[in-house]
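# Structural description and commentary
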Amino acid sequence: QVQLVESGGGVVQSGSSLRLSCTASGRTFSSYAMGWFRQAPGKEREFVTAISPSGGRTDYTDSVKGRFTISRDNAKSTVILQMNSLRPEDTAVYYCGVNIDYRGLLRSPREYNYWGQGTQVTVSS
C-alpha cells in the first residue's frame, strides 16, 4: 500500500506559477515511476507528465512542454510539479499517481496503482 498526499494548488492569474508537491509513504519510493494527471469538470483524467524512478527520464504532454517541469527527491519520497506560465485551460484537479511495475514511462491512468486525493488548480484569465 502506498499513500500519496498532494499539496500546493490554488487560484492564480494567467501567466502565474504554482508548485505542486506529492509525498509518498508506505513503500520504496525510489523504485516507482511517478506521474501527474489532471481532470477538469466533465472530462476524463488526462496525462500531464511522468518521471522514471531515478529521475533520469521524463515525459510531458505537448500542451505543457516548456512550461511545466517534473522532478523528484527520492530521499524525501517527494515528486514536484513546477508549473509556469499557467493558462486558464490548465484549470483542473491535479493528481499524482504511482506506477509500481516500471516498464517505461506510461501515459494511461490505468497503469497507475495508487493515487493521491488531488489538489485544485484554478487559473483565471
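Because the structure is a prediction, the values reported are computed rather than measured. (Residues numbered from 1 in each chain as written. Predicted model: local features only at pLDDT ≥ 70, side-chain atom pairs only at ≥ 80, totals over all residues. Heavy atoms only, no water.)

In space, the four strands of this open sheet follow the order β1-β3-β8-β7, with antiparallel pairing throughout. Two strands close off the open sheet at either side, each with one partner strand: β1 (3–7) and β7 (68–73). For this sheet, the mean inter-axis angle between neighbouring strands, taken without regard to orientation, is 15°. Both β1 and strand β3 (residues 18–25) contribute to a ladder of five bridges, which runs antiparallel. Within the sheet, the bridge partner assigned to Gln3 lies in β3 and is Ser25. (Pairing = 2+ DSSP bridges. Helix = DSSP H or I, 4+ residues; strand = E, 2+ residues; numbered from the N terminus. Axes fitted to C-alpha atoms, helices over the stretch in contact; angles between N-to-C directions.)

Counting 28 residues, the largest nonpolar core has Leu4, Met34, Trp36, Phe68, Val79, Met83 and Tyr94 as its most contacted members. At the level of secondary structure, the elements contributing two or more residues to this core comprise β3, β4 (33–39), β5 (46–51), β7, β8 (78–83), β9 (92–99) and β11 (119–124). Residue contacts for Leu4: discarding those within four places in its chain leaves Cys22, Thr23, Ala24, Met34, Cys96, Gly97, Val98, Tyr114, Trp115, Gly116 and Gln117. Formed by seven residues, the second largest nonpolar core is a distinct cluster that contains Phe37, Leu105, Leu106 and Tyr112. (Core = buried A, V, L, I, M, F, W, Y, C linked by side-chain atoms within 4.5 Å. Buried < 20%, exposed > 50% of the residue type's maximum accessible area, 1.4 Å probe, protein only. Contact = heavy atoms within 4.5 Å.)

Bringing the packing of aromatic side chains into the picture now. A full pass over the atoms with the stated rule returns four aromatic pairs. Both rings, one in Phe37 and one in Tyr112, keep their centres 5.0 Å apart while their planes meet at 75°; by these two values the pair is edge-to-face. Placement of the pair is Phe37 in strand β4 and Tyr112 in the loop between β9 and β10 (114–115), with a sequence separation of 75 residues. Side by side, Phe37 and Tyr112 carry an identical accessibility label, which is buried. Taken together, a centroid distance of 5.1 Å and an interplanar angle of 75° make the contact between Phe37 and Trp115 edge-to-face. (Phe/Tyr/Trp six-rings, centres within 6.5 Å; stacked < 30°, edge-to-face > 60°.)

Take the pairing of β11 next. Burial along β11 is one-sided: Thr119, Val121 and Val123 are buried, and none of Gln120, Thr122 and Ser124, which face the opposite way, are. In this sheet, β11 lies alongside strand β2 (residues 10–13) in parallel orientation, the contact comprising four bridges. Note on β11: the bridge partner recorded for Val11 is Thr122. For β9 and β11, the ladder comprises three bridges, and the chain directions are antiparallel. Bridge pairing in β11 places Val93 opposite Gln120.

A complete count under the given rule lists one disulfide for this structure. Through a disulfide, Cys22 is tied to Cys96; the S-S separation comes to 1.9 Å. Where Cys22 bonds to Cys96 through sulfur, the torsion about that S-S bond is close to 55°, and the disulfide is right-handed. Separated by 74 residues along the polypeptide, Cys22 in strand β3 and Cys96 in strand β9 bring together distant segments of the chain. (Disulfide = S-S within 2.5 Å.)

Moving on, we get to the environment of Asp62. If you trace the backbone, Asp62 turns up in the loop between β6 (58–60) and β7. By relative accessible area, which is 60% here, Asp62 ends up exposed. Taking the C-alpha atoms as reference, Asp62 lies 9.6 Å from Thr49; in sequence the two are 13 residues apart. Among the polar contacts made by the side chain of Asp62, one reaches the side chain of Lys65 at a distance of 3.1 Å. (Polar contact = N/O pair within 3.5 Å; in protein donor to acceptor, adjacent residues only side chain to side chain.)

Keep in mind that these numbers describe shape and distance, not what the molecule does.
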